[in-house]
Structure formats: structure tokens, C-alpha cells
Amino acid sequence: MQLAELKPGMSGVVTSVSGSGRISSRLMELGMVPGAIVDVLRKAPFGDPVQYRVRGALISMRAAEAACVTVSALAGVASATSLVAGSSLVAG
Amino acid sequence: MASPDSVSSGHPEVGGDPAAAGSAQPLRVALIGNPNTGKSTLFNALAGMRVRTGNYPGVTVEQKVGRTVWLGRSIELIDLPGTYSLAPRSPDEMVTVNVLTGCSGEVPPDVVICICNALALERNLFLATQVQEIGLPTILCLNMWDEVERAGVSIDVAGLSQELGLPVVTTSAHHRRGLDSLQSAVLNEVSRDSDMNRVRERETRSQALLPSAVWNEVESLSGWLAEHSAAEDVLAPFLVLRSLLDPEGSVEQLLMRRTSPEYQAQLQASRARLSRQGLKVPAVEAESRYAAASGIVSRVVRQSGKHPSRVTDRLDAVLTHRVFGFLICISVMLLIFSTINWFSQPLSGFIEDTIGAVADVVSGTMSPGPLRGLLTDGVIAGVGSVLVFLPQIALLFLFIALLEDCGYMARAAFMMDRLMATAGLSGRSFLPLMSSFACAVPGIMATRVIEDRRDRFVTILIAPLMSCSARLPVYVLMTGTFVPDRMIAGFLPLQALVLLLMTFLGMFVSVPVAFILRKTFFRGEPSTFLMELPDYRWPSISVVLHRVFASSWSFVRQAGTLIFATSVLIWAAGSIPSASDENYKLMIEIEQLEAAESPDEARIAELSDRLNVRNAEQLEQSLLGRAGHWVEPVVRPLGWDWRIGVGVVASFPAREVVVATFGTIFSLGTSVDENDEGLRGALRAARHPDGSPVFTVPVAISVMVFFAFCAQCVSTLVVIRRETNSWIWPIFSFVYMTGLAWLGAFVTYQVGSLL
Ligand SMILES: Nc1nc2c(ncn2[C@@H]2O[C@H](COP(=O)(O)OP(=O)(O)OP(=O)(O)O)[C@@H](O)[C@H]2O)c(=O)[nH]1
């Protein structure tokens, strides 16, 4: 499923980042590589962009950008990801 | 050197004889790092006071170079823009690669300091490992060490140094801690750099990270390049690697220019070979680096206790809440806007009064004549026209620095993004555009917070359409004089309604203008809003004050001189050919009468009237007045005569000048303001030679519409030149805005005359 389909409070594991343009490169630079865990935190007042957490950092993305990322949803809320330790490990 | 936070408050310029140090070739040290790692703070702490700022040629990137002395060695410290990676896709981003590799003709730095946020080590290692591949002596600086300690995180510094093969130093830049060990690490690295073993070791280390298949491709590409380029053009493996890993990036284009366009086919073949081995470009880079980074982090970082980002989470739950967060954001913005309006007006007023007082003192010591005019109305007034902007600039940058430093700015942009996206912009444009309602000059300077170049330029170009406070006098004069003072529908005051409409006219029009600019001059990938939201932290007073000072000073130095020069030139255009002796005789006589014990008021008034009439004649004959006549055919269709034309031309330095110019033209002197009943009466009574009134309601409204859109503000144009680092954009702004203004005034007048 696409990252944009996850609701606030849900988490997913990145399965792929598509496209070769600037946006996907930037996404990968920020740590959105396959295996990374992404938490969906909250939406902006007008519904877009959305705030995510990946590898301990808070990142905001518009729906158009999140569309490059496909994820598989994780059950439950996995927002106990640690900031420093490798967060591509499944959080407890 | 991998000691934990070394306590020292040492000033960078400790020891050393500056004279001896100055004679040697300075050691060039470059500072690179992710945004928000404390790079500016570290730079300021290391560089001391002797910092030169400028622009890299041809781009909008600011160049900051500091000169200092460390332990007797003279140092040139180069600040590079904050970045997440070395994969340049624009000339702005290419600057960093140019400086580090020396491929712009410069000499590469001797040492690179890569600064990291120690609490986001995994992400920061991405850039660090890229920097390592350049092959220069590199030092990893773990900043925010105080926060690491507070967060109960332990980082095995020696282990990290071992893993990376780099010296690692810990610092707390804003407490100036760890600077000494950083300095000695740099000097140490230089003294050991002649050691060939170390150089070779560095090379093998940095190559271990990416799959060897990638390096094999780099090697074969290098071979191809060597055959196809001039003999002396030896390309660093780093550049070849970047061209391979960044499809359609700036390095690929650079190498194609240097050799031949066929290089692209070579690159594509290389990428295809990698892809067949399951190594997709560009994904392979991020995957390898993050795999390595996670591994390193899991071995050297231990976490106990709770994490500081919990504080950020709790704050964000309120501050970016869909309802409360938005209300808070709006309130913060309104507070900033009104504070700037309230405080900067008395401050600017004070500056104006001071300038006026200085002019009076100078006047008092000289007798009326062209020289006195030049000094008081030209030079001193010119200085004033620069200084009046300072309170607004300083206040706005005070707020910007506070918001950025505590981490709220990114959140405000996050919340406003959808709103701005309707005009094709991003949330970062909100604050600059809002400030432009007070004045476009600080507003345009504030666009520095916009990272995306296209967004930034579009914002700069539409910012002057926001109704600034200098337009208000024009609107008040025209509305108060010509719009009937009555109620609409029984309760809406018509004049206030017109004022309100005029205030928002520019903003409404800016939306389609932004849209068109995006579709024409700034076409390309749509603007993005992919950005990091930094953790909240207390703003640091010194960082904030430094920013306020730096932006004010850069305005005075880089924009102020041009604004001053233009003010003097426009004054000269209004004063050449110079007034006849008759005018000066009148002035002398009036001043003598005024100085008398019991001034003869009636006589003074009579002489003043005569002087005002003569001044009006003088203005008509001046270059400016002739320009007014000259533009008359152009402004005729707007319903204007030459007098309005002169007013518009004379207001080029600033829109509100038109009021004083009307005062002169209609023989009332320059000391009238927009509420002056004499001026209002004179405007109503003004007649064309055929006896018809100069101003009608449609004419008055067309004047207002013109001022809503026109670029009659030299300071704005100069600041656009400064911020875009090019003359093209101020000229473009002037042309498009004047065109828009003319068209708007034309339609208004023609439609208005039909009704
Ligand atoms: N706790 C702590 N805060 C720091 C340290 N160094 C810098 N800061 C703070 O971190 C924030 C960001 O610092 P800057 O120097 O503006 O960071 P930068 O990397 O230049 O950021 P950009 O200007 O966005 O590139 C500021 O609020 C600093 O006061 C440090 O060692 N410890």
C-alpha cells in the first residue's frame, strides 16, 4: 500500500521508493529506504502535508511526495522507535 | 582526540603571534553538515569576528569565510550551505561540490570538518560517508554533545572513530565547548597528511562502504573519461562516482560539458550493468549507506532513559494540532505583524526626526543655494531613506531568528502549506509574504527561509504586490478627496470599503501572477514540501542577536548604498536645471523674517506662496518635470495629465513621495501630508486647460490601482537585485509590475468613465 494511505497513528515498513527524480532521491537521503519504519504522526490543519517520523527524525511531506513511497502496514502503533539506535529494527 | 566533551571555553584565537601567522599561507578549513546541526553556531564560535560574507558568483548561495588564528596557524574557515547529501541537482547545490573538489578552479580545502547532530547520528552519517569519499582529510564533529549527555545516551566515540577511520571530536557549539580539541584535531590531521600510508588507508576505508561493483564502474568510467578529455584534466574519482549515482544531476552535466555528450551513454550503460546485478541507481547509494550507518550506530550507540524527542512530541501534539495549532499559528503571525507595525513606526519616526534635525542643523549653517539643497534634500535625506528600513528589518529578523531557532518556523510552514499551495508556493512563503504587507524590503529579505530556489524567486517577485504601508498615504489621499463619504446599504462606510479593497487588490492579483510565473519562467518539478521538522529547543540569544545584526548590516552595506545613490539621483533629476536665484532670494528673505523678534506672519505667508508657485514652475522645468510631460501620451489613456505623470515618476524612490510631489506641483510646498485639507482642495480644484477637472472619481481610482501594482520603490528593486544576485529580476519586476499597473489603471479608468 502507499504511505499516503496510512492514517495518523499507524506505522509501516518501507518496501520501495519509486521514481528517479529529485523527490525520491531526497526521500532516500532522509532515510526512507526499504526496511525503514515510518510512523504517521499527524495531518496539517488542511489535511496536507502530513508529519511522519523516520529514523527518529520528524519529516513533513505532501501527499504528492508520499505517493512515491510504498509500505506494508505494521499492526498497532509502533511509535516507540528510538532516535539514535537503528530504527530499521522493528520497534518494541 | 576522541575524548568526551573536552571542557574549555578557549577563544579560537588563543596563542600565536598573529603577525607571524599572517605571513604563512592560511590553512583552508571547510565546514559542512546537515541543516540544523549547529553549523552556523560552530562557525561563529570558531571564526571569531572577522567574517566576510558575499555571494558565490552566479548563484544565490551565501559565501561565508572567516579568518582566524589557531595555535599560531592562520586559518581560513569556509562555511558551506547546510545539506543532507552531496548529490547536486542545481547550480546552488553544486557550489558545495565545487568548493570541496576544487573543480571550479579554486583550490580544495586542506581539511573538512563534517558536523553532525550526535542525536541523529544514523542520518548524519549519510552525508559524512559521502564527504569521506572525496578523499580530503576529514574530521567528524559530533555536536550537541550536551544533549547527548542529558538524554542519557552513550556514544562510543573511540569506537566510532575506529569504524569510520576518521578522527571524531565532540562539541557543544553553543556553549563553546570542545572547540580546542576540534582545533587541535584539524592541525593534527594536516601535519599527518603527508603520510602516504594514511592517504591510502583513507581511500580504501571510504571505498569499503559502497558495493565493489560500483567502484568497478567508476574505474571503467574514469578510463573512458581519461581517453576523451584533455590531458591535464584529471578527474577525481569522487566526481565520477557522483556522476554515476545521480542521474541527471549537476555532476553528470559538468562531466558531459568537460568531455563529450557521449558520456551520458557510458553512464547509462554502467547503470544498466549495475541494475542487472540488483544494484539500482540511485537507490543503491541510500540503501548501502543506511545499511552501514545502522550497523555502526547499533554498535557504538547505547541508549538508556527516555529520549528528548518526547518533549518535542508533547509540544507538537498541541502546537501542530489541527485546530489549536492552527489558531496558535495564526495568532503568532498576527502578533508578529502587529508588533512590527507598532514598534517600527515610532522607531522609523524617530530616525526620520533625527535625520530632519540633522538636516536643519546643516541648513542653519548654510545659506539657501544648490549646495545646501544637495546636502539636505539629497545626501542627508538619502541616508534617511536607507535608515528608515532598519527598525522593520531588525524586528522581522528578530522574530524569524527566534522562530527558526526554537524550531517553530518549520511547523508554521507545515500548517500554512496547503494555503500557499493554491498559489503554487509552499508554506515557507507565508511569513515573507505576510511581512510584505508592512514593507516588501524586509519581506523579500525574509525569503531566505525558503530553500527551494523556484519558490523563493516566485515569492520575491510577488512580494511587492502585497500592499505595503507606503501605499496607504496614496490611498488615503485619493479616497478621502474623491470618494463620497457615505454609507453603503446603510452601514458600510464607502471610503473604508474602498481602502480595504485597495489593500487586498494586490494580494488577489498575486495568485494568478504566481501561477503564471510557475508556468513560464519557473517551470519544472512542482515545489515540494519535503523537509525535516527539527526538535524544539530554547533559542540561543547569541545566535538570534547575531542573525539580527548580520541581516541589518548586510542591508545597509549591500542594498543601502544603492538606495542612497538612487535617492540622490532622483533628487538631482527634480532639481536640475537648478532653481533661479529668485527662488533662493525668496528663501533667504523668508528665513530672515522668521528669525526676526516678531515675525511678520502675513509677509512670510505671502512670500511662501510666491516661493511655492515658483517651486512648482521649477519642478515642471526640471528633468523630472520634463519626464512627466514626456510620459503624458502614455498616461493619457489612464485619464491622467502630465502633473499626475510627474507625481508617478517622482515617486520612483518610494510611493509615498507622490503626496509631497503633488504638494509641490499644486504650489503648496512639500510639507503637506495625505490628510492636508489644502492639498485635497487643490486636487479637487485642479483643472485642465479646457476647464474640466483633472481628477474625477475614475481618475482617482485609476491612480490608486496604478499604485497598488506599480514598482515605484527603488529600495524594493535594489533588495531584489541583492537577493537574486542578478539585475535581471529587478528589471523584470519593474517591467511586469508597471505593465500590470498601467493595464489595471487603464481598465479602471475606461470602465469607470462608462458608468
Ligand atoms: N543543545 C545544543 N544546541 C545547539 C548546539 N549547537 C547549536 N545548537 C542550537 O541548534 C540550533 C541550530 O543551530 P544553527 O547553528 O542555526 O544550525 P545550522 O546547522 O547552521 O542550521 P541551518 O542554519 O538551518 O543550516 C540553534 O538553536 C543553536 O542554538 C549544541 O552544541 N548543543
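If you're wondering where the values come from, they're calculated on a predicted model, not measured in any experiment.

Draft legend 1. Expanded view of the side chain of arginine 428 of chain B. All names here are of chain B. By the secondary structure assignment, arginine 428 is in the loop between helix 18 (408-421) and helix 19 (430-435). In this structure arginine 428 comes out as buried when scored by relative accessible area, which is 11%. Contact partners of arginine 428, with chain neighbours within four places excluded, come to Glu404, Met409, Ala410, Ala413, Val449, Ile450, Glu451, Phe529 and Met531.

Draft legend 2. How the structure looks around the interface of chain A and chain B. Contacts between the two partners involve 39 residues from chain A, matched on the other side by 47 residues from chain B. Taken together, the two surfaces of chain A and chain B that pack against each other cover about 4000 Å², and 58% of this comes from carbon and sulfur. Our enumeration of links across chain A and chain B arrives at three salt bridges. Glutamate 122 of chain B serves as the salt-bridge partner of arginine 55 of chain A, at 2.5 Å between the closest nitrogen and oxygen. Linking chain A to chain B there are 17 residue pairs in polar contact (both at pLDDT 80 or more). Taken together, the elements giving at least two residues each to the side of chain A that touches chain B come down to helix 1 (22-29), strand 2 (37-43), strand 3 (50-54) and strand 4 (57-61) of chain A. Per-element tally for the side of chain A that touches chain B: the top contributor is helix 1 of chain A, with seven residues. Looking at the side of chain A that touches chain B residue by residue, the classes come out as 18 nonpolar, 11 polar and 10 charged. Relative to strand 12 (residues 531-533) of chain B, strand 4 of chain A runs antiparallel, the two sharing three bridges. Following the sheet pairing, serine 60 of chain A is matched in strand 12 of chain B by methionine 531 of chain B.

Draft legend 3. Here's a closer look at the pairing of strand 4 (residues 73-79) of chain B. Residue and element names in this part refer to chain B. In terms of residue burial, strand 4 counts as a mostly covered element, since six of its seven residues are buried. Pairing between strand 1 (residues 27-33) and strand 4: five bridges, direction parallel. Opposite valine 29, over in strand 4, you have leucine 77 as the bridge partner. Relative to strand 4, strand 3 (residues 62-70) runs antiparallel, the two being bridged by seven bridges. Within strand 4, the position partnered with lysine 64 by the bridge is aspartate 79.

Draft legend 4. Helix 33 (residues 714-724) of chain B, seen in detail. All names here are of chain B. When you tally the buried positions in helix 33, you get 10 out of 11 residues, the bulk of the element. Listing the buried residues of helix 33 in full gives Val714, Ser715, Thr716, Leu717, Val718, Val719, Ile720, Arg722, Glu723 and Thr724. Immediately beyond the C-terminal end of helix 33, within one or two residues, lies asparagine 725, with a positive phi of roughly 55 degrees.

Draft legend 5. View of the sheet that holds strand 12 of chain B. On the basis of which strands lie adjacent, the open sheet formed by six strands has the order 5(A)-1(A)-2(A)-3(A)-4(A)-12(B) and antiparallel pairing. The open sheet terminates on both sides in strands that have one partner only, identified here as strand 5 (69-74) of chain A together with strand 12 of chain B. Sheet twist, expressed as the mean angle between neighbouring strand axes with direction ignored, is 40 degrees. With five bridges joining them, strand 3 of chain A and strand 4 of chain A adopt antiparallel strand pairing.

Draft legend 6. Broad picture of the site of the ligand. Residues and elements named next belong to chain B. Close to the ligand lie 18 residues; Ser40, Thr41, Asp146, Ala173 and Asp405 are nearest. Taking glycine 38, its main chain carries an N or O atom lying 3.1 Å from an oxygen atom of the ligand. Here asparagine 143 contributes a side-chain N or O atom positioned 3.1 Å from an oxygen atom of the ligand. A total of 640 Å² of accessible area belongs to the ligand in isolation, and the protein chains cover 86% of it. The biggest single contributor to the shell around the ligand is helix 2 (residues 39-47), with three residues. Broken down by class, the residue content of the shell around the ligand amounts to three nonpolar, 10 polar and five charged.

Draft legend 7. Examining the confidence of the model for chain B more closely. The predicted model of chain B averages 82 in pLDDT, with 91% of residues at 70 or higher. Both scores are available for the predicted complex, with the pTM at 0.78 and the ipTM at 0.84.

Draft legend 8. Local environment of the packing of aromatic side chains. Residue and element names in this part refer to chain B. Evaluation of the coordinates by the stated rule reveals 15 aromatic pairs over all chains. The interplanar angle of 75 degrees and the centroid separation of 4.9 Å between the aromatic rings of phenylalanine 521 and phenylalanine 732 together place this pair among those described as edge-to-face. Of this pair, phenylalanine 521 sits in the loop between helix 23 (494-519) and strand 12 while phenylalanine 732 sits in helix 34 (residues 728-754), and the two are 211 residues apart along the sequence. Owing to a relative accessible area of 52%, phenylalanine 521 belongs among the exposed residues under this scheme. With centroids separated by 5.2 Å and ring planes inclined at 35 degrees, the aromatic side chains of phenylalanine 522 and tryptophan 729 adopt a geometry described as tilted. Linking phenylalanine 522 in the loop between helix 23 and strand 12 with tryptophan 729 in helix 34, this pair joins segments that are 207 residues apart in sequence. A connected cluster of aromatic rings, assembled from ring pairs, spans Phe457, Phe521, Phe522, Trp729, Phe732 and Tyr736.

Draft legend 9. The arrangement of the packing of helix 15 (residues 324-365) of chain B against helix 17 (residues 390-406) of chain B in detail. All names here are of chain B. Contact geometry of helix 15 with helix 17 gives a least axis separation of 8 Å together with a crossing angle of 150 degrees. On the basis of their axis angle, the class for helix 15 and helix 17 is roughly antiparallel. By crossing handedness, the relation of helix 15 to helix 17 is classed as right-handed. Of helix 17, the residues touching helix 15 (which contributes Val332, Ile336, Thr339, Ile340, Phe343, Ser344, Leu347, Ser348 and Ile351) are Pro391, Gln392, Leu395, Leu396, Phe399 and Leu403. Here the residues of the contact of helix 15 with helix 17 sort into 11 nonpolar, four polar and no charged.

Parameters and conventions
- Residues numbered from 1 in each chain as written.
- Chains lettered and ligands numbered in written order.
- Predicted model: local features only at pLDDT ≥ 70, side-chain atom pairs only at ≥ 80, totals over all residues.
- Heavy atoms only, no water.
- Helix = DSSP H or I, 4+ residues; strand = E, 2+ residues; numbered from the N terminus.
- Buried < 20%, exposed > 50% of the residue type's maximum accessible area, 1.4 Å probe, protein only.
- Contact = heavy atoms within 4.5 Å.
- Buried area = accessible area lost by both parts, 1.4 Å probe.
- Salt bridge = Lys/Arg side-chain N within 4 Å of Asp/Glu carboxyl O.
- Polar contact = N/O pair within 3.5 Å; in protein donor to acceptor, adjacent residues only side chain to side chain.
- Nonpolar A, V, L, I, M, F, W, Y, C, P; charged D, E, K, R; others polar.
- Pairing = 2+ DSSP bridges.
- Axes fitted to C-alpha atoms, helices over the stretch in contact; angles between N-to-C directions.
- Near = heavy atom within 4 Å.
- Areas by Shrake-Rupley, 256 points an atom, 1.4 Å probe, with all protein chains shown as cover.
- pLDDT = per-residue confidence, 0-100.
- Phe/Tyr/Trp six-rings, centres within 6.5 Å; stacked < 30°, edge-to-face > 60°.
- Parallel < 35°, antiparallel > 145°, perpendicular 65-115°, else oblique.
- Left-handed = near helix turned anticlockwise from the far one by under 90°.

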